[in-house]
Amino acid sequence: MATQIAARLHGPADLRVEEVPHPGVPEAGEVLLRVRSTGICGSDLHPYENGAMGDTLLGAPLILGHEFCGVIEEVGDGVKLQIGTRVAVDPAWTCGVCHECSRGNPNLCRQQKFCGLFPNGGSLCQWMRVPARFCHQVPDSISDDEAALLEPLGVALHATDLARIRIGSTVAVLGAGPIGLCVIQLAKLAGAGTVYIEERLRWRRELAQKLGAVWLPAKAEVDVAIECAWAAEAAQAAVDITRPGGVVVLVGIPLGDEITLKHSALRRKGLTLLMCRRMKHVYERTIPLVESGQVDLKCLITHRFPLSDAPEAFRMNAKYEDNVVKTIIFSLTQEGRK
């Protein structure tokens, strides 16, 4: 039986690089993808550290990874994409026919399979079989690493859409991780007058300021607060700094699967509270934003590891060592390409 190399999580902090079966020939509507780049997401760190993502428990060894791009090596029947095409992949494989999907809310599809979330394997491997309809061709001007980061950019774009930022409004972004840094750039493109940043890690705060954000002053009030920082105490902080009639968007996922908010603060201010669930059909928008230089994804990438070093990459990222912002894990067959 043909095999491949993959990074599988066996339990908390127990990530192993090992041989697993090759995915095989693509079926109708599928492509066989050679994975090139995968980003480590904060949501990958939940199962890595705790063996769970929200209420989804790790029930067996699992290949992690959902921010990825690759090259098509084989196509199944009915697929129009060509062999050799480089694609970014939407990791949320939705049914396309349910009530939510038909109303334009595929991110809320109850039948969706999400890469790297138990029981669905992810992209920290050499090859994957992927439904062709979730593959998006990327131009040569966008690197493999940038193509992988179109997924977190898509989440940031969905969060910014929810916020409905008006020209000249004040926006606070809580958390300068990769998604927060993308939100900063998108909020400015959306017309925000001032974008504030709240971030505890100095190097991430400095990068946010380079991208045009201003440090959030004491007792500030903003029109829109977008929380991108694990959603624990940051959720209440977002409520506290939003002016009456304002909007709060929660993007982060709390480690304990719970948040606590003061009802009186929400009610008396008449705030609109919105939850950001993944993203909708945004790749046709994110690709031109990166290709045109309106959004900078390269500046987010601080570390690159080969697939063989995935356990060290996760260990370092989970401890926020070495001024990490975004870590990319690249294929063993693409070690020189970025």
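Up top you'll find the structure we're talking about.
All of the points below concern the structure found in this document.

Parameters and conventions
Residues numbered from 1 in each chain as written. Predicted model: local features only at pLDDT ≥ 70, side-chain atom pairs only at ≥ 80, totals over all residues. Heavy atoms only, no water. Pairing = 2+ DSSP bridges. Helix = DSSP H or I, 4+ residues; strand = E, 2+ residues; numbered from the N terminus. Buried < 20%, exposed > 50% of the residue type's maximum accessible area, 1.4 Å probe, protein only. Polar contact = N/O pair within 3.5 Å; in protein donor to acceptor, adjacent residues only side chain to side chain. Contact = heavy atoms within 4.5 Å. Phe/Tyr/Trp six-rings, centres within 6.5 Å; stacked < 30°, edge-to-face > 60°. Lys NZ or Arg CZ within 6 Å of the ring centre and 35° of its normal. Lys, Arg positive; Asp, Glu negative; His and termini not counted. Salt bridge = Lys/Arg side-chain N within 4 Å of Asp/Glu carboxyl O. Axes fitted to C-alpha atoms, helices over the stretch in contact; angles between N-to-C directions. Disulfide = S-S within 2.5 Å.

What follows is about the sheet that holds strand 16 (residues 222-227). Within the open sheet, the six strands sit side by side as 15-14-13-16-17-18. Their pairing is parallel. The strands lining the two open edges of the sheet, one partner per strand, are strand 15 (214-215) and strand 18 (272-275). Sheet analysis places strand 17 (residues 242-250) next to strand 18, joined by four bridges and oriented parallel. Its bridge partner lying in strand 18, Leu250 is registered against Met275.

Structurally, Thr327 can be placed in strand 20 (residues 326-330). By relative accessible area, which is 0% here, Thr327 ends up buried. Separated by 2.9 Å, the side chains of Thr327 and Asn317 make a polar contact. For Thr327, the contacting residues outside a window of four places in its chain are Thr38, Gly39, Ile40, His303, Phe305, Ala313, Met316 and Asn317.

Moving on, we get to the packing of aromatic side chains. Both the distance between ring centres and the angle between the ring planes are used here to describe each pair of aromatic rings. As enumerated under the stated definition, the model contains one aromatic pair in all. Ring geometry for Tyr48 against Phe314: centres 5.4 Å apart, planes inclined by 45°, an arrangement best described as tilted. Here Tyr48, found in helix 1 (residues 42-50), pairs with Phe314, found in helix 10 (residues 310-318); they are 266 residues apart in sequence, far enough to count as distant. Residue Phe314 is classed as buried on the basis of its relative accessible area, which comes to 1%. The ring centre of Tyr320 lies 5.8 Å from the NZ or CZ of Arg200, which sits over that ring.

A word on the side chain of Glu151. Within the fold, Glu151 resides in helix 4 (residues 150-163). The buried charged residue Glu151 lacks any salt bridge, with Arg278 as its nearest oppositely charged partner at 6.8 Å. In contact with Glu151, other than residues within four places in its own chain, are His66, Glu67, Pro91, Phe114, Met279 and Tyr283.

Looking now at the environment of Leu181. Mapped onto the elements of the fold, Leu181 is located in helix 5 (residues 178-189). For Leu181, a relative accessible area of 0% puts it in the buried group. With residues near it in sequence (within four places) discarded, Leu181 still touches Ala176, Arg204, Leu207, Ala208, Leu211, Leu300 and Val325.

Let us now look at the sheet that holds strand 1 (residues 3-11). Pairing within the open sheet is antiparallel, and its three strands lie in the order 2-1-6. At either end of the open sheet lies a strand with only one pairing partner, and these are strand 2 (14-21) and strand 6 (62-63). Pairing geometry for strand 1 and strand 2, over eight bridges, is antiparallel. Each bridged residue has a counterpart across the sheet, and for Arg8 the counterpart in strand 2 is Arg16. Each of strand 1 and strand 2 is contacted by helix 10, which is oriented at about 150° to strand 2, the strand it contacts most.

The peptide bond linking Phe118 to Pro119 adopts the cis configuration, its omega dihedral lying at 10°. With respect to the helices, strands and loops of the structure, Pro119 is situated in the loop between strand 10 (113-114) and strand 11 (127-131). Its identity is not glycine, yet Ala13 carries a phi of approximately 60°, on the positive side. Notably, Tyr320 is not glycine yet its phi reads approximately 55°, a positive angle. Within the fold, Tyr320 resides in the loop between helix 10 and strand 20.

What follows concerns helix 10. For helix 10, the complete set of buried residues consists of Ala310, Ala313, Phe314, Met316, Asn317 and Ala318. Those residues of helix 10 hidden inside the fold are in contact with strand 1, strand 2, helix 1, strand 19 (301-306) and strand 20. Phi turns positive one or two residues past the end of helix 10, at Tyr320, with a value near 55°.

It is worth spelling out the state of the cysteines at this point. All told, the structure shown has zero disulfides when counted by the stated rule. For Cys98, which is in no disulfide, the shortest distance to another cysteine sulfur is to Cys95 and amounts to 3.6 Å. On the basis of relative accessibility, which here comes to 16%, the residue Cys98 falls in the buried class.

Now for the pairing of strand 7 (residues 67-75). Relative to strand 7, strand 3 (residues 30-39) runs antiparallel, the two sharing eight bridges. Paired with Val31 across the two strands is Val75, which belongs to strand 7. As defined by bridge partners, strand 7 adjoins strand 8 (residues 86-89) across three bridges and the pair is classed as antiparallel. The partner of Gly70 across the bridge, within strand 8, is Val87.

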